[in-house]
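Residues per chain are reported as follows:
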Amino acid sequence: MTQTIQAEITLQPETADLYIQANKEIEQRLGKSPGAEFLMALVVENEDPKELADLYCDLVFTEVQP
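First things first, this report covers the structure right here in the doc. (Residues numbered from 1 in each chain as written. Predicted model: local features only at pLDDT ≥ 70, side-chain atom pairs only at ≥ 80, totals over all residues. Heavy atoms only, no water.)

Focus: the environment of Leu-11
So, step 1. Topologically, Leu-11 is positioned in the segment before helix H1 (13-30).
So, step 2. Note on Leu-11: relative accessible area 30%, which makes it partly exposed.
So, step 3. Among residues more than four places away in sequence, those in contact with Leu-11 are Ala-16, Tyr-19 and Met-40. (Helix = DSSP H or I, 4+ residues; strand = E, 2+ residues; numbered from the N terminus. Buried < 20%, exposed > 50% of the residue type's maximum accessible area, 1.4 Å probe, protein only. Contact = heavy atoms within 4.5 Å.)

Following this line, the structure appears as structure tokens:
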């Protein structure tokens, strides 16, 4: 049996705005979007720890490079 644990996170306003904008963009393109909260969950939910680590490292290295 899987257990669901609720978590509260704090986002910088700029980060929250990015998810909201992405949600609106998807809604414009497809006519419907799963919602900003669901898009946030895609980033933090990952069954494979290696994939999650790869995603994080890719983001870090992309931000560091000029």
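Considerations on the side chain of Ser-33
So, step 1. Along the chain, the position of Ser-33 falls in the loop between H1 and helix H2 (36-44).
So, step 2. Engagement of the side chain of Ser-33 in a polar contact is seen with the side chain of Asn-23, the distance being 2.4 Å.
So, step 3. Excluding residues within four positions of it along the chain, Ser-33 makes contact with Asn-23, Ile-26 and Glu-27. (Polar contact = N/O pair within 3.5 Å; in protein donor to acceptor, adjacent residues only side chain to side chain.)

Topic: the environment of Asn-23
So, step 1. For Asn-23, the location among the structural elements is in helix H1.
So, step 2. Classification of Asn-23 as buried rests on a relative accessible area of 15%.
So, step 3. Placed 10 residues apart in sequence, Asn-23 and Ser-33 show a C-alpha to C-alpha distance of 6.0 Å.
So, step 4. If we ignore the near neighbours within four places in the chain, the residues touching Asn-23 are Ser-33, Pro-34, Gly-35, Ala-36 and Leu-39.
So, step 5. Only 3.1 Å separates the side chain of Asn-23 from the backbone nitrogen of Gly-35, close enough to count as a polar contact.

Description of the pattern of salt bridges
So, step 1. According to the stated counting rule, one finds one salt bridge in the structure shown.
So, step 2. Between Glu-25 and Arg-29 there is a salt bridge; the shortest N-O distance is 2.8 Å. Residue Glu-25 and its partner Arg-29 are located together in helix H1, separated by four residues, close to a single helical turn.
So, step 3. Looking at Glu-25, the relative accessible area reads 33%, which means it is partly exposed. (Salt bridge = Lys/Arg side-chain N within 4 Å of Asp/Glu carboxyl O.)

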